[in-house]
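Working through the structure, step by step
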Amino acid sequence: MMQIDGYKVNKDSRQKRRISHFFCHQHERAFDSAKYTRIIKQMGGNIWNRRHFLKQTAGTLGYLSLAPYLHAALPQTDNRILKIGLVGCGGRGLGAIQNALDADPNTIVWALADVFEERTKIGNELLTKQYSGRVQLDKSRIFHGLDCYKKILETDIDIVLLCTPPAFRPEQLAAAIAANKHIYAEKPIAVDVPGVMSVLESAQLAKKKNLVILDGFCWRYDEANQEAHRKISSGEQGRVLAFEGLYYTSPPKSPLALDSRPASDTDVVWALRNWTAWNWLSGGQFVEQVVHTIDGMVWSFNEKMPLAAYGSGGRAQRRDDGDVWDHYDVYFEYENNVTAHISCRQWVGCHGNIVDRTICEKGILITPIRPQIQAETRWRFRGERGNMYANTHIAFYKLLRSGTFTQTLESAANKTLIAILGREAAHTGQRITWEQIKLNHRRLVPEDLTLDTPLPPAQIPRPGRRAL
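What counts and how
- Residues numbered from 1 in each chain as written.
- Predicted model: local features only at pLDDT ≥ 70, side-chain atom pairs only at ≥ 80, totals over all residues.
- Heavy atoms only, no water.
- Pairing = 2+ DSSP bridges.
- Helix = DSSP H or I, 4+ residues; strand = E, 2+ residues; numbered from the N terminus.
- Core = buried A, V, L, I, M, F, W, Y, C linked by side-chain atoms within 4.5 Å.
- Buried < 20%, exposed > 50% of the residue type's maximum accessible area, 1.4 Å probe, protein only.
- Contact = heavy atoms within 4.5 Å.

Before going further, it helps to examine the pairing of strand β15 (residues 372-375). Two strands pair when backbone bridges link them, and strand β14 (residues 363-367) and β15 are joined in this way by four bridges, in the antiparallel orientation. Residue pairing for β15: Ile364 is matched across the bridge by Gln374. Connecting the antiparallel pair β14 and β15 is a turn made up of four residues. One ladder, built from two bridges, connects β15 with strand β16 (residues 379-380); its direction is antiparallel. Counterpart to Gln372 in the pairing with β16 is Arg380. Between β15 and β16, which pair antiparallel and follow one another directly, the connecting turn spans three residues.

Right, let's talk about unusual backbone geometry for a bit. Between Lys187 and the following residue, Pro188, the backbone shows a cis peptide bond with an omega angle of -20 degrees. Position of Pro188 among the secondary structure elements: in the loop between β7 (182-185) and α8 (193-207). Note that the residue after Thr367, namely Pro368, is joined by a cis bond; omega there is -5 degrees. Tracing the chain through its elements places Pro368 in the loop between β14 and β15. Positive phi values are uncommon outside glycine, yet Asn302 reaches one of about 55 degrees. The topology assignment puts Asn302 in the loop between α13 (291-300) and β10 (308-314).

Next up on the list: the nonpolar core. Inside soluble globular proteins, nonpolar side chains tend to come together where they are buried. Membership of the largest hydrophobic core comes to 77 residues, with the highest contact counts inside it found for Ile183, Phe286, Ile294, Met297 and Phe332. Counting residues per element, this core draws most heavily on helix α15 (residues 409-428), which supplies ten residues. Apart from residues no more than four positions distant in its own chain, Ile183 is found in contact with Val160, Leu162, Leu173, Ala176, Ile177, Val212, Ile213, Leu214 and Phe396. Within the second largest apolar cluster, 29 residues are counted, among which are Ala103, Leu161, Phe396 and Tyr397.

What follows is the structure, encoded as structure tokens:
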């Protein structure tokens, strides 16, 4: 028996895979290199031995076990070297660029960008140690500051990975499409309705260009969930009667202590370091994280949008200086008196569970982690299951190499808007319709933002005190 960062595990491969699975679901944590190295060493590994590293664990970077999938992409006639640029060198960003490099051997790291210079230094070091010759960075192609995305788009990269906090996604998408770059964009794609509408406009422009644009709704690329949802869309289980989603977890990024703010940090710099604590930066839990459950709901309802939403929630454990809630309970109304219910929380020291249940006339579909159907004739996925993060990028390069230009921005925008609908219904305490939310012009992201922009004190949402 051994202990890894507070978790007791046996020194066998099965337990190590469980720890790997745990870290997969913590992929959006802030990267702590000392903690990460400690965990790997406790597991008897070497963080810089790439084969052992990929085989044994997935860490806070989202570096996932890819061994069965490195050769999954079909041979392509287009074998030119593709240059990748990364915007946002946090945990998810560095995980995404590794997924991209492993998905296609003819890709190289050409440019990095992040608000913070130390993040690009960490990214450069980690990527160089793991990929050496495929990291062809030059100081002239490493950028910092809020406008770093503009600078990286001026280089000759072919592909840009947009992995910053979602507050910046709409303007970055618009700029990347204008620059004719192929794009991988993390979910969600906005934090407010004006941001969603901006992305929908960008999607229309993207259709006129030969671009591949995929998003980070990774469960769509999981073979088990694909097969499971085909059993719903085929009508095999009859009509969908209800949906229930639970997302009970701990905070993906631990809130910074209130007394740990360096005197040199401006309001914006401090907020960026603790971005999941702010609705204007992350959208809050219901938009930033539970949008995955929203995706499962939309999938089960055959891509239909809800008619309205109402809900509740609050802030039970959080004591940081941000404004996000740490739990929600939201109901979505669909046609024919069908209701979807999503309950979520980010609490420390409490029971955790991530599960979707789609209740149909002939059975109950349980997704996404262990897809199965509870019915008179039971079903469980038995096939070979890939890694959804890796599969997303494998699909990306298959499309790009074959000249199949496609984009998923409209779908991503609609799912983000549903999440915003649920959040706003809970924050206001009102029943809000789909048509009403689309007319909401309230911007969360400050305009003309700089690193020196003063921010007002947090105003935690109080239901019943404001209209939409």
